[in-house]
Amino acid sequence: MDCCRHVNPFRVCAGLRGLGYLMVAFVAAIVAVSYYAVVVYAWGPMLLGDGAAAAGAAAVLAAFHILLAMILWCYFMVVFTDPGAVPANWRHDAEDSGDPVFSSSEEQGSAPRYCFRCQNGKPPRCHHCSVWRERAAPPHLCETEGNRCVLKMDHHCIWVVNCVGARNYKYFLLFLVYAFAETVLDTLVLLPNFIEFFQDESRRSSSPGDIAVLFIAFVLNLAFALSLLCFIGMHASLVTSNTTFIEIYERKKSVSWKYDLGWRRNLEQVFGTNKLLWFVPLYSMEDLHNIPTLQGLEFPTRSDAIV
Ligand SMILES: [Zn+2]
Ligand SMILES: [Zn+2]
């Protein structure tokens, strides 16, 4: 992760911003190619075969469609959920709070922060998006929502055409996990066809179009499975230590990370306290009301933090 010290991810994202909604179209194209290869070409026709083969195909197709539904649900939740905006005329009111559990960075010695672009105070862990500030907001965010500070900002994700912050970080993580599961499934269930193509000449009678789609789907799913595994590994480390992508360097400099409440509480700060809802892109009303991290303005900190 040392490379993160030298690479500004937001400059990279800013460089990619011209791609805009082409990335959404690319995601749709990957889904369409995978759907054709797995459902239409490889496993759908097996439903008409004998008992065991048909049952196996039904299980594969059921898993494929369930994962696809979860991916699309999580994806649209990340894209269309406002990651969190700073309320108008927000000012840090640390002096009004007598609760040391909810102390913030300002109380620990750093000066109160102010955003001159938004003409507003900046809560802890909030950042002005370095992608939208250089261009108009996308149509699904109004102008005032796009060019602004984002609460508990993690990063700007070009794949979801949105910032990832306090309100949609869980949805982003679930999207990564379900997309990983789907790409692994696709790779495994397309592997027999892939091998068979080289071993069995009769399979080569398939149309060139089908063969091309099979190859593209297999290679894309394998590549995305490996890439997503790296992203999931990194975000698993971040979420269990209550660190945003922006805070990686800051955490490395600190002796004990002030937001690290222990992995169990750190997970609850992102996924909520209701474990039944950990696997779906939803929060209970209680969690939205009771977990300050989801509101994004103040954050519980450990009492023994050493900066
Ligand atoms: Zn701002
Ligand atoms: Zn952004």
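Residues numbered from 1 in each chain as written. Chains lettered and ligands numbered in written order. Predicted model: local features only at pLDDT ≥ 70, side-chain atom pairs only at ≥ 80, totals over all residues. Heavy atoms only, no water.

**Student:** I'm lost on the overall build of the protein in this one. Help?
**Tutor:** For the protein, the helix and strand inventory stands at 10 helices and six strands. Put simply, the protein has 307 residues, and 46% of those count as buried. Sequence-distant contacts in the protein: of pairs separated by 6 or more residues, those separated by 24 or more amount to 68%. (Helix = DSSP H or I, 4+ residues; strand = E, 2+ residues; numbered from the N terminus. Buried < 20%, exposed > 50% of the residue type's maximum accessible area, 1.4 Å probe, protein only. Contact = heavy atoms within 4.5 Å.)

**Student:** Sorry, what's going on with the coordination of the zinc ion (ligand 1) here?
**Tutor:** Ideal coordination angles are 109.5 degrees for a metal with four donors arranged tetrahedrally and 90 or 180 degrees for a metal with six donors arranged octahedrally. Within the protein, C115 (SG), C118 (SG), H128 (ND1) and C149 (SG) serve as the donor atoms for the zinc ion (ligand 1), at 2.0 to 2.3 Å. The site at the zinc ion (ligand 1) holds four donor atoms, and with the angles between them running 102 to 122 degrees, its shape is tetrahedral. In the primary sequence, the donor residues of the zinc ion (ligand 1) line up as C-x2-C-x9-H-x20-C. Of this pair, H128 sits in strand β3 (residues 127-128) while C149 is found in strand β4 (residues 149-150), placing the two residues 21 residues apart along the sequence. As far as burial versus exposure is concerned, H128 and C149 are alike and both buried. (Donors = N, O, S within 2.8 Å, 3.2 Å for Na, K, Ca; no water. Tetrahedral: all angles 85-135°; square planar, octahedral: opposite > 155°, others 65-115°.)

**Student:** In this structure, what is going on with the coordination of the zinc ion (ligand 2)? I would like to understand it.
**Tutor:** Ligation of the zinc ion (ligand 2) by protein atoms is provided by C129 (SG), H156 (ND1) and C163 (SG), these donors lying 1.9 to 2.1 Å from the ion. Considered as a linear motif, the donors of the zinc ion (ligand 2) on their single chain read C-x26-H-x6-C. Residue classification places H156 among the buried residues on the basis of a relative accessible area of 1%.

**Student:** What should I look at first to understand the side chain of S284 in this one?
**Tutor:** Locating S284 in the fold gives a position in the loop between α8 (263-271) and α9 (285-290). At a separation of 3.1 Å, a polar atom in the side chain of S284 contacts the main-chain amide nitrogen of D287. (Polar contact = N/O pair within 3.5 Å; in protein donor to acceptor, adjacent residues only side chain to side chain.)

**Student:** I'm lost on the environment of F245 in this one. Help?
**Tutor:** By secondary structure assignment, the location of F245 is in the loop between α6 (208-240) and α7 (248-253). For the pair F245 and M234, spaced 11 residues apart in sequence, the C-alpha separation works out to 9.2 Å.

**Student:** I would appreciate a short explanation of the nonpolar core in the present structure.
**Tutor:** Membership of the largest hydrophobic core comes to 52 residues, with the highest contact counts inside it found for W43, Y169, F172, L190 and F271. Tallying contributions element by element places helix α5 (residues 169-199) first for this core, with 13 residues. Membership of the second largest hydrophobic core comes to seven residues, among which are V86, C149, L151 and A166. (Core = buried A, V, L, I, M, F, W, Y, C linked by side-chain atoms within 4.5 Å.)

**Student:** Just checking my understanding: could you explain the packing of helix α2 (residues 22-43) against α5 for this structure?
**Tutor:** If you want to describe how two helices pack, look at the angle between their axes and the distance between the axes. Running from N to C, α2 and α5 cross one another at 45 degrees; their axes reach a closest spacing of 11 Å. Classed by the angle they form, the pair α2 and α5 counts as oblique. For the pair α2 and α5, the sense of crossing is left-handed. Where α2 approaches α5, its residues S34, A37, V38, Y41, A42 and W43 are matched on the opposing element by D186, V189, L190 and N193. Split into classes, the residues belonging to the contact of α2 with α5 amount to seven nonpolar, two polar and one charged. (Axes fitted to C-alpha atoms, helices over the stretch in contact; angles between N-to-C directions. Parallel < 35°, antiparallel > 145°, perpendicular 65-115°, else oblique. Left-handed = near helix turned anticlockwise from the far one by under 90°. Nonpolar A, V, L, I, M, F, W, Y, C, P; charged D, E, K, R; others polar.)

**Student:** When you look at a nonpolar patch on the surface in this model, what are you seeing that I'm missing?
**Tutor:** A cluster of nonpolar side chains, contributed by Y35, Y36 and V40, occupies part of the molecular surface with about 240 Å² of accessible area. By the element assignment, Y35 lies in helix α2. Residue class for Y35 comes out partly exposed when judged on its relative accessible area of 30%. (Patch = residues over 30% accessible without salt bridge, like charges linked within 9 Å, V, L, I, M, F, W, Y side chains within 5 Å. Areas by Shrake-Rupley, 256 points an atom, 1.4 Å probe, with all protein chains shown as cover. Salt bridge = Lys/Arg side-chain N within 4 Å of Asp/Glu carboxyl O.)

**Student:** Quick question: what am I supposed to make of the environment of G272 here?
**Tutor:** Looking at where G272 falls in the secondary structure, it is placed in the loop between α8 and α9. Each C-alpha atom of the pair G272 and N290 lies 9.6 Å from the other, and the pair is 18 residues apart in sequence. Look past the residues within four positions of G272 in its chain and what remains in contact with it is L267, W278, Y283, D287 and I291.

**Student:** I'm lost on unusual backbone geometry in this one. Help?
**Tutor:** Phi is mostly negative for residues that are not glycine, and the peptide bonds are mostly trans. The phi torsion at V161 lies on the positive side, around 50 degrees, for a residue other than glycine. Take V161: it is sitting in the loop between β5 (155-157) and β6 (162-164). Given a relative accessible area of 3%, V161 falls into the buried group. Positive phi is not limited to glycine here, since N242 has a value of about 55 degrees. With respect to the helices and strands, the residue N242 is situated in the loop between α6 and α7. Using a relative accessible area of 5% as the deciding quantity, one classes N242 as buried.

What is shown is where atoms sit, not what they do.
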